[in-house]
Amino acid sequence: MFRVAIVGRPNVGKSSLFNRLIGKRKAIVEDIPGVTRDRIISQTEWRGVKFEVVDTGGYITSDEDKFAPYIRKQVEKELQEADLLVFVVDGKQGLTPLDKEIATLLHRTEKPVIVAVNKIDDPEKEKLAYEFYELGFQDVIPISTIQKLGIADLLDKIYEYIPDYEKEVEYEEEEEEKDYIKVAIVGKPNAGKSSLLNAILNEERVLVSDIPGTTRDTVDTLFEKDSQRFLFLDTAGIRKRSKVEYGVEFFSVGRSIEAIEKADVVVLVIDATIGATEQDQKIAGLIQRRYKPAVIVINKIDMLKEKDIEKVIRQVKEKLYFLDYAPIVLTSAYKKIDIEELLNQIVKVYNQVWKRVSTGQLNRALKQITSLRQPPSYQGKPLKIYYATQLEGKPPAFLLFVNKAEGFKENYVKFLENNLRKLLGLENSPIKLIFRGKEEKSD
């Protein structure tokens, strides 16, 4: 698919333009430099033709910002991959030395460039765009992402650069839900989430550094291995609420929770050198309360001695006991240890979530479980389970017809869940039990 990259220095409105072009608020937008750090990719359509749009981080040539070298690397990689470059500049601020430096870099690519002069929020100010012809590019278009001015003109110009053969391609509509597994990679900052994704992809697709809080946006990446497709949602680290200030990080945490809700499988990354923390417990709670299948990754095991690895596993299991259905995978993103095992576990967990159980098998399992431990009494009467059936959807949800729904308390419900998972081949899947009361008729 034809690929359009949005580039420019920080705080000129690249992410705002990205959101306008794709028609939704996907990139985080704040009026401070350096909000976007990773490349964010989405598809859009204009005049019946689909193409990709890529938002990139603000390019600066100095290293005054600690993330500058990483962002430059991502931008320069995108310059190689894109078919067309949209160079965003600030019409109000005027032409700057950094704009000129970036223009020199873009000329070297020998790729077509459209200069989008942003913040021209009044047609009478369009003359402010004239000075940007000095950059040496033929196409200079005044726009305002806030007022939505000039966006259609910019899209028309992009359309002109798309080859005719691309315009004739009919891309399939959105694929069926099971065509790929949506995987959210979550965890507290600096646990190694982005490094893990890069190890899976075998490339530096996501910006990685040892500075907590590097990833701010959720970055969707499609990946295929052995005919199985995955859509990875690399997310910003979730920190304690008291440490989250309103603004960019506030939205980042929101995006992480949104990714958990959208995901088919959630990968919770734990730092092996620290073990499961209180914050990891809270993130695991977000997963468990949403009945999400999960894989727990203990990352950075290359930094531990063998005797300490068992201690970390025990500690993680104790802290995250309520996520006991999630398999644990030991990895090192840095040394790419057991990356394939992680992918295998994701597929295994995902397949269990789709499993259907016959009514006969379910009720036989319940009879076996209740023979081991009868339901307790409630209000002086024994609780009874008459029969059960599986509901549609995922994760597996079972409707149990009982005499007193309110009598089934957490301890016994947990006993039922654990044993049903074992007997029905759902060891690594969350399950939901729904109780419906039905009073017994007296003779």
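Criteria and cut-off values
- Residues numbered from 1 in each chain as written.
- Predicted model: local features only at pLDDT ≥ 70, side-chain atom pairs only at ≥ 80, totals over all residues.
- Heavy atoms only, no water.
- Axes fitted to C-alpha atoms, helices over the stretch in contact; angles between N-to-C directions.
- Helix = DSSP H or I, 4+ residues; strand = E, 2+ residues; numbered from the N terminus.
- Parallel < 35°, antiparallel > 145°, perpendicular 65-115°, else oblique.
- Contact = heavy atoms within 4.5 Å.
- Nonpolar A, V, L, I, M, F, W, Y, C, P; charged D, E, K, R; others polar.
- Pairing = 2+ DSSP bridges.
- Salt bridge = Lys/Arg side-chain N within 4 Å of Asp/Glu carboxyl O.
- Buried < 20%, exposed > 50% of the residue type's maximum accessible area, 1.4 Å probe, protein only.
- pLDDT = per-residue confidence, 0-100.
- Phe/Tyr/Trp six-rings, centres within 6.5 Å; stacked < 30°, edge-to-face > 60°.

*Asks:* Describe the packing of helix α1 (residues 14-22) against helix α4 (residues 151-161), naming the residues involved and giving the relevant values.
*Replies:* At their nearest, the axes of α1 and α4 sit 11 Å apart, and the two run at 75 degrees to each other. Accordingly, the angle class assigned to the pair α1 and α4 is roughly perpendicular. Across from L17, R20 and L21 in α1, the residues of α4 making contact are I151, L154 and L155. Partitioning the contact of α1 with α4 into residue classes produces 5 nonpolar, no polar and 1 charged.

*Asks:* So, the sheet that holds strand β16 (residues 397-402): which residues are in play, and what are the values?
*Replies:* The mixed open sheet is built from 3 strands, whose spatial order is β15-β16-β17. What marks the edges here is a single partner per strand, and that holds for β15 (385-390) and β17 (432-437). On average, each strand axis in the sheet is tilted by 25 degrees relative to the strand beside it, whichever way the strands run. As defined by bridge partners, β15 adjoins β16 across 5 bridges and the pair is classed as antiparallel. Within β16, the position partnered with Y387 by the bridge is F401. Here helix α11 (residues 359-372) sits on the sheet and contacts β15 and β16; the angle it forms with β15, its principal contact strand, is near 140 degrees. Relative to the sheet, helix α12 (residues 410-423) contacts β15, β16 and β17, its axis offset from that of β17 by approximately 125 degrees.

*Asks:* Tell me about the sheet that holds strand β5 (residues 113-118), and name the residues and values.
*Replies:* The strand order across the open sheet formed by 6 strands is β2-β3-β1-β4-β5-β6, and the pairing between neighbours is mixed. Only two strands of the sheet have a single partner each, and these edge strands are β2 (40-46) and β6 (139-142). The sheet shows a mean angle of 25 degrees between the axes of neighbouring strands, direction not considered. Taken together, the 7 bridges between β2 and strand β3 (residues 49-55) define a ladder with antiparallel strand orientation. Across the sheet, residue E45 finds its bridge partner in β3, namely K50. Packed onto the sheet, helix α2 (residues 68-81) meets β1 (3-7), β3 and β4 (84-90) and runs at close to 150 degrees relative to β1.

*Asks:* Can you tell me about the pattern of salt bridges, naming the residues and giving the values?
*Replies:* Tallying each qualifying case throughout the model produces 20 salt bridges. Close ionic contact of K92 with D121 constitutes a salt bridge, the shortest N to O distance being 3.5 Å. Pair noted here: K92 is in the loop between β4 and α3 (97-109) and D121 is in the loop between β5 and β6, with a separation of 29 residues, a long-range link. In this structure D121 comes out as partly exposed when scored by relative accessible area, which is 29%. Among the salt bridges present, the one from E160 reaches K157, with a minimum N-O distance of 3.1 Å. Within this pair, E160 and its partner K157 are both found in helix α4, separated by 3 residues, close to a single helical turn. Through salt bridges with shared partners, a single network forms among R3, E52, E78 and E81.

*Asks:* A description of the confidence of the model for the protein chain should follow, citing residues and the corresponding values.
*Replies:* Reading fine detail from the predicted coordinates is not recommended where pLDDT is low. Scored by pLDDT, the protein chain comes out at a mean of 82, with 82% of its residues at no less than 70. Every residue in residues 173-177 scores below 50 in pLDDT, and together they form 8 contacts with partners more than four places removed in sequence or on other chains. Residue range residues 237-254 is modelled with pLDDT below 50. Its contacts to residues more than four positions away, or to other chains, number 37 contacts.

*Asks:* Mind laying out the environment of Y291, listing which residues take part and the relevant values?
*Replies:* Position of Y291 among the secondary structure elements: in the loop between α8 (278-289) and β11 (294-299). The class of Y291 is partly exposed, set by a relative accessible area of 31%. Setting aside residues up to four positions removed in sequence, Y291 forms contacts with P395, P430, I431 and K432.

*Asks:* Break down the packing of aromatic side chains for me, citing the residues and quoting the values.
*Replies:* Here the structure, examined in full by the defined rule, presents 8 aromatic pairs. Between F408 and F435 the ring centres are 4.7 Å apart and the planes differ by 20 degrees, which places this aromatic pair in the stacked class. With a gap of 27 residues between them, F408 in the loop between β16 and α12 and F435 in strand β17 connect regions that are remote in the sequence. As far as burial versus exposure is concerned, F408 and F435 are alike and both buried. Pairing Y412 with F415 gives two aromatic rings, centres 5.4 Å apart and planes at 40 degrees, and the pair type is tilted. With Y412 and F415 both in helix α12, this residue pair falls 3 residues apart, about one helical turn.

*Asks:* An account of unusual backbone geometry is requested, with residue identities and associated values reported.
*Replies:* Cis geometry marks the peptide bond from K394 to P395; its omega dihedral reads 0 degrees. Inspection of the secondary structure puts P395 in the loop between β15 and β16. Backbone geometry places N11, a non-glycine residue, at a positive phi of 65 degrees. Positionally, N11 belongs in the loop between β1 and α1. Accessibility expressed as a relative area gives 30% for N11, which makes it partly exposed.

*Asks:* Explain the packing of helix α6 (residues 193-201) against helix α10 (residues 339-353) to me, and be specific about the residues and the numbers.
*Replies:* Interaxial distance between α6 and α10 falls to 10 Å at its minimum, and their mutual angle equals 95 degrees. In this view, α6 runs roughly perpendicular relative to α10, as classed from their interaxial angle. Of the residues in α10, those touching α6 at L196, A199 and I200 are I339, L342 and L343. Residues belonging to the contact of α6 with α10 are distributed by class as follows: 6 nonpolar, no polar and no charged.

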